[in-house]
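Architecture and fold: a report
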Amino acid sequence: MALEQSWLRQIGGEFEKPYMKELREFLLAEKRGKTIYPRASEWFKAFELTPFESVKVVVLGQDPYHGANQAHGLAFSVQNGVAIPPSLINIYQEIKDDLGLTPPNHGNLTAWAKSGVLLLNATLTVEANRAGSHQSKGWEPFTDAAIAALSARRENLVFMLWGSYAIKKSALIDRQKHLILTAPHPSPLSAYRGFFGCKHFSRANKYLSDKGIAPIDWRL
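Structural notes, computed from the coordinates. Note that the structure is predicted; figures quoted are calculated from it, not measured.

Turning to the sheet that holds strand E3 (residues 117-121), a few remarks are in order. Strand order in this open sheet of four strands is E3-E2-E5-E6, and the pairing throughout is parallel. Both outer strands of the open sheet, E3 and strand E6 (179-183), are each paired with one neighbouring strand and no more. Strand-to-strand, the axes of this sheet are offset by a mean angle of 20 degrees, without reference to chain direction. Where strand E2 (residues 57-61) lies against E3, five bridges are found, and the strand directions are parallel. Opposite Leu60, over in E3, you have Leu120 as the bridge partner. Sitting on the sheet, helix H8 (residues 200-210) touches E2, strand E5 (158-162) and E6, and the angle it makes with E5 is about 165 degrees.

The following block contains the structure:
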């Protein structure tokens, strides 16, 4: 479990806690007889691509895609050549409506991550074809620690919390220091309840610009 250095300085102490030992043992046991996504080298990809001091926007997902070749360590993102998932199609639609940007023909969000968008799933692994199978095994305290560290030690970040699960994480965030944007999840089951029209992307960029921070280039 190798974490990017700036994040290691902030939350490296989590690796010494009992829950992380239990998580390691669980993952080792799972890997012996099951297929786990994403591959181990990509578990901390979100942290690797978006160092602590580089974060401008946080987009929080719940757990990785559980289909073959989909998950690669970034929330909502899929590898090149993989069909764009329905939730991401809806995210692209909102960006088009909000910013006038033509949706890309792929679902790889690496460029966002490199631009300061932390694409963080609350749970960083999943068993193949079993959605949510690694929830409550120890990842959530770790990712909560990451959110809490950003809230406490950074200023003027934008947190995009979509759906009831993500919105509950607002309890970890200092509203006096950061902008919290909430909306229904972009899933086809709920996007029409208020995700479409939320204008989170333009609102995030306006907030960053107003704080003297370079906005995110949402083009892919």
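Here we come to the pattern of salt bridges. One pass over the structure, following the stated rule, counts 11 salt bridges. The closest approach of N and O atoms between Arg154 and Glu53, which form a salt bridge, is 3.9 Å. Placement of the pair is Arg154 in the loop between helix H6 (139-153) and E5 and Glu53 in the loop between helix H3 (45-49) and E2, with a sequence separation of 101 residues. A relative accessible area of 13% means that Arg154 is categorised as buried. The exposure class of Glu53 is exposed, given its relative accessible area of 56%. Between Asp210 and Lys206 there is a salt bridge; the shortest N-O distance is 2.7 Å. In this pair, Asp210 and Lys206 are both assigned in helix H8, four residues apart and thus about one turn of the helix distant.

Rules used throughout
- Residues numbered from 1 in each chain as written.
- Predicted model: local features only at pLDDT ≥ 70, side-chain atom pairs only at ≥ 80, totals over all residues.
- Heavy atoms only, no water.
- Pairing = 2+ DSSP bridges.
- Helix = DSSP H or I, 4+ residues; strand = E, 2+ residues; numbered from the N terminus.
- Axes fitted to C-alpha atoms, helices over the stretch in contact; angles between N-to-C directions.
- Contact = heavy atoms within 4.5 Å.
- Salt bridge = Lys/Arg side-chain N within 4 Å of Asp/Glu carboxyl O.
- Buried < 20%, exposed > 50% of the residue type's maximum accessible area, 1.4 Å probe, protein only.

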